[in-house]
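Here are the chains, one letter per residue:
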Amino acid sequence: MEAHKGIIHKISRMYVDDEDDQKDLFQEIICQLWKSYGSFNHQSKFSSWMYRVALNTAIVYFKKHKRKEDTYAIIAQEIEMPSEDAETKELQLAHFYKALQQLDKIEKALMFYYLENYSHKEIGENMGISEGNARVKLNRAKNKLKELIKKQGYEF
Amino acid sequence: MNFEDMKSAWKKDSGSNIEVPNKIEEIKRAELPLDKIRKNMRYEFIAQLIAVIVIAFVPQLYKLKPALLLPFNAIYILFVITCVYFFTRFYVFYKRAGAASLNTKDALYEVHYDIKLNMELYKMFCYMLFPFLYLMLALILINSKYEVMLRFLQSDFSHSSFYLYFGLSVVIIYIMLHFSAVYWLKAYYQKYATEIEVVLKSLKEE
């Protein structure tokens, strides 16, 4: 679990914007992974099984804390292009997560698999939809994400 | 920024400063919809069990007349059988393994089915318990005004007016029961079912 905590953290950050909610979701995913471990078929990859459990948990999770008002607008106004590479990466990531959080729950799951380099076929299998449907929905999610990032005042 | 930049930023986000709890007991549960239902079930089970035990002592508490003991006990036995049936159904649900490791679509269908099934079970449980409680209360009432009720039942009273009042009161109580059950279920569970329906809709083929 320790080796995979980074990926659980990313899923939590994708699905909820509030920091307390992220912590709650992180813990909930860990709990569901422990509870579901009996269903892990050792012939398949542990990471694939873990992604499924984590994403299914995030999809049915209902956040408790109220969303903070318009954090996107504030961030967009405050951003100035930094010169340092590390800072740029950090900012890119912040923009990226803010945009991801605005996608719907299924689009987030599709983007997650895309970022983890899953093929359309694998995405379809994990989501329970056809390969074609996965392709259509993923393209739509990517376009939506592009627009959201542009709206935040960032070049894409 | 482009998608390749995103992927590289995504890979670099390690989240290494997060601590993973070592034991399941250390986890502060956020609670998923089904966990909330299960938690409510646990409380309701305890309350129901206490009610079943307390009702068993009604004849002693209200000093029921010997003539009323037989109908009371018959009603009580049927009440207990009904409770056992529903407790068993609830227990089977309570112990059901989660569907978190299925593919997303199947997992969502399972969760949705479970929420809907339990909403219906709760409603049915309310409707089934009501006649027993109604009859028990009637017996307690007869017991408290035993002589008056005996004279009344033996007199030449009009049966049609009795059935009219009885029927009307049952219908009114059932309507109230129905709406309060629907309101209660809607307030606590419907929002989860609706949100899952919305997510399922977004998974449909295009």
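Counting restarts for each chain, with residues numbered from 1 along the sequence as it is written. Labels are handed out in written order, letters beginning with A for the chains and numbers beginning with 1 for the ligands. Confidence filtering applies because this is a predicted model: local features only for residues at pLDDT of at least 70, side-chain atom pairs given and counted only at 80 or more, and all residues used for totals across whole chains, interfaces and linings.

Notes on the overall build of chain A
As a reminder, the rule being used: By the criteria applied, helices consist of DSSP H or I runs no shorter than four residues and strands consist of E runs no shorter than two, each listed in order from the N terminus. To sort residues by exposure, count the other C-beta atoms lying within 10 Å of each residue's C-beta; 20 or more gives buried, 12 or fewer gives exposed, and values between give partly exposed, all with C-beta atoms placed from the backbone. Think of it this way: build a C-beta for each residue from its backbone, and any pair within 7 Å is a contact.
In terms of helices and strands, chain A carries eight helices and zero strands. Helices and strands appear in chain A in the N-to-C order α-α-α-α-α-α-α-α. For chain A, with 156 residues in total, the buried portion stands at 40%. For chain A, the proportion of contacts with a sequence separation of at least 24, taken over those separated by at least 6, is 62%.

Focus on the interface of chain A and chain B
By a frequent convention, interface size equals the accessible area lost on bringing the separate parts together. Spelled out, the test is: Note that Gly is not counted as nonpolar here; it falls among the polar residues with everything else outside the nonpolar set of Ala, Val, Leu, Ile, Met, Phe, Trp, Tyr, Cys and Pro and the charged set of Asp, Glu, Lys and Arg.
Each partner contributes residues to the interface: chain A has 50 residues there, and chain B has 41 residues. Within the residue set of the side of chain A that touches chain B, elements represented by two or more residues are α1 (5-15), α2 (19-36), α3 (46-59), α5 (85-101), α6 (105-115), α7 (120-127) and α8 (131-151) of chain A. Considered class by class, the residues forming the side of chain A that touches chain B number 24 nonpolar, 13 polar and 13 charged.

Here we look at α3 of chain A
Residues separated by three or four positions in an α-helix point in the same direction, a consequence of the helix having 3.6 residues per turn. The test is simple: Helices are assigned an expected span. That span is 1.5 Å times one less than the residue count.
Between its first and last C-alpha, α3 of chain A extends 20 Å over 14 residues, near the 20 Å set by a 1.5 Å rise per residue. The buried count for α3 of chain A comes to eleven of 14 residues, which makes it a mostly enclosed element. Where α3 of chain A is concerned, the buried positions are W49, M50, Y51, R52, V53, A54, L55, N56, T57, A58 and I59 of chain A. The secondary structure elements touched by the buried residues of α3 of chain A are α1, α2, α6 and α7 of chain A together with α5 (104-144) and α7 (159-201) of chain B.

Concerning the domain arrangement of chain A
Residue and element names in this part refer to chain A. The following threshold applies: Segmentation of the chain into domains, including their bounds, is taken from an automatic or database domain assignment.
Entries for chain A in the domain assignment read domain 1 (1-68) and domain 2 (75-156). Taken together, the eight residues of domain 1 in the interface contact eight residues of domain 2. When residues of the side of domain 1 that touches domain 2 are traced back to their parent elements, those giving at least two are α1 and α3. Here the side of domain 1 that touches domain 2 gets four residues from one element, more than from any other, and that element is α1. When its residues are assigned to classes, the side of domain 1 that touches domain 2 shows five nonpolar, no polar and three charged.

Considerations on the confidence of the model for chain B
Residues and elements named next belong to chain B. Quick note on the threshold: For every residue, the pLDDT score states the predictor's confidence, bounded by 0 at the bottom and 100 at the top.
Of all residues in chain B, 90% have pLDDT values of 70 or greater, and the mean over the chain is 85. Model confidence for chain B, summarised as mean pLDDT per element, is weakest for helix α1 (residues 3-12) at 82 and strongest for helix α3 (residues 58-61) at 94. On the interface metric, ipTM, the complex scores 0.81, and its pTM is 0.79.

Examining unusual backbone geometry
One non-glycine residue, N117 of chain A, lies in the positive phi region at around 60 degrees. Its place among the elements puts N117 of chain A in the loop between α6 and α7. Exposure remark for N117 of chain A: the 9 C-beta atoms within 10 Å place this residue in the exposed category. Phi angles above zero are rare outside glycine, and K63 of chain B is one such case at about 45 degrees. For K63 of chain B, the position within the fold is in the loop between α3 and α4 (66-95). For K63 of chain B, a count of 8 C-beta atoms within 10 Å corresponds to the exposed category.

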